[in-house]
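Commentary on secondary and tertiary structure
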Amino acid sequence: MALTKDLVASLKRLLKAQGITYAALAERLSVSEATIKRQFSTQRLTLERLEQVCDVLGVGLPELATEAARGRPALARLDEAAEEALVADPALLLALYLVLNRWTQEEVLARYRFSVPEWTALLARLDRFGVIELQPGNRCRLLTARNFRWRRGGPMERLFRERLLPTYFAPPFDGSQSDLVLLSGMLSPASAERVARRIEELAGEFEQMVAHDGSQPAAERVGMSLVLARRPWSLGLFDRFRRDSADASVTSP
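Because the structure is predicted, anything quoted here is derived from the model rather than measured.

With that settled, consider the pattern of salt bridges. Evaluation of the coordinates by the stated rule reveals 10 salt bridges. Salt bridges sharing partners connect three or more residues here, namely Glu80, Glu84, Arg151 and Arg158.

Looking now at the packing of aromatic side chains. What the rule picks out here adds up to 8 aromatic pairs. Here Tyr168 and Phe169 contribute two aromatic rings whose centre-to-centre distance is 5.2 Å and whose plane-to-plane angle is 80 degrees, an arrangement assigned as edge-to-face. Judged by relative accessible area, which is 24%, Tyr168 ranks as partly exposed. Of the residues examined, Phe169 reaches a relative accessible area of 39% and is grouped as partly exposed. The interplanar angle of 45 degrees and the centroid separation of 5.9 Å between the aromatic rings of Phe169 and Phe173 together place this pair among those described as tilted.

A cluster of nonpolar residues, Phe160, Leu164, Phe169, Leu180 and Val227, forms a patch on the protein surface that exposes about 410 Å² of accessible area. When you line up the elements, Val227 lands in the segment after helix H11 (189–213). Owing to a relative accessible area of 36%, Val227 belongs among the partly exposed residues under this scheme.

The next point concerns H11. Its 25 residues give H11 an end-to-end C-alpha distance of 36 Å, which sits within 8% of 36 Å, the value for a rise of 1.5 Å per residue. Every buried residue of H11 is listed here: Ala196, Ala203, Gly204 and Glu207.

In this model, the second largest pocket occupies a volume close to 2100 Å³. Val181, Leu182, Leu183, Ala229 and Arg230 are the residues nearest the centre of the second largest pocket, which is lined by 39 residues in total. Elements with a minimum of two residues in the lining of the second largest pocket: helix H10 (155–169) and H11. Counted by class, the lining of the second largest pocket contains 27 nonpolar, 8 polar and 4 charged residues.

Parameters and conventions
Residues numbered from 1 in each chain as written. Predicted model: local features only at pLDDT ≥ 70, side-chain atom pairs only at ≥ 80, totals over all residues. Heavy atoms only, no water. Salt bridge = Lys/Arg side-chain N within 4 Å of Asp/Glu carboxyl O. Phe/Tyr/Trp six-rings, centres within 6.5 Å; stacked < 30°, edge-to-face > 60°. Buried < 20%, exposed > 50% of the residue type's maximum accessible area, 1.4 Å probe, protein only. Patch = residues over 30% accessible without salt bridge, like charges linked within 9 Å, V, L, I, M, F, W, Y side chains within 5 Å. Areas by Shrake-Rupley, 256 points an atom, 1.4 Å probe, with all protein chains shown as cover. Helix = DSSP H or I, 4+ residues; strand = E, 2+ residues; numbered from the N terminus. Expected span 1.5 Å × (residues − 1). 1 Å grid on protein atoms, 1.4 Å probe; cavity = no way out; pocket = protein on both sides within 12 Å on 5 of 7 lines; lining within 4 Å. Points joined across faces, edges and corners; volume = space filled by probe spheres on them. Nonpolar A, V, L, I, M, F, W, Y, C, P; charged D, E, K, R; others polar.

As structure tokens, then:
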């Protein structure tokens, strides 16, 4: 019973950290809000329900158990200062990428020009940020949630938008592992919201695959980046054809 209580308490903390209400959770699970409230208040969650809630949160059962043991939610976001430090130090940003993708020290030193003291110093900084727990032999225990994301409008997002995004789209998307699909059309608000949910679902599935494949050697994996976006958008090249009296509230091609 104590374990169930700790797991439910952890789920509540994770839901709060991600801003997910009981009503939103109930909608994602296709059950009533009353059912969710009753299951959490009585702490009677089946294993199936536990797994479903974990899927919504983007965490695995092992991560949930670890979070319950330490009594704090897995890290889903860095604070502003930590992101600023990463933007200012490419070596630290690389170290974060490597530990999030579960590279061993041996794999890192074989691929990159770090000495053991330099790599240790980088890991120590990530430990202070709460990203990892640095263990003997420079082994790392990740403290991040599976759905770890950058802050909206934060330093990392600005770096990507201003400096990295142009280089991302510069090469042609013509390789066997490259795809670029550009879609444009007019949707109802309900359909636009459905698109938003599907983007979140795809992002969650991608994060699950990253976590699943993290146990494989780095040499057997390929770095992959997805850019998922949606926005109301009006092409400027059509402006000269529009009437001045057109309803400005309607976003058209």
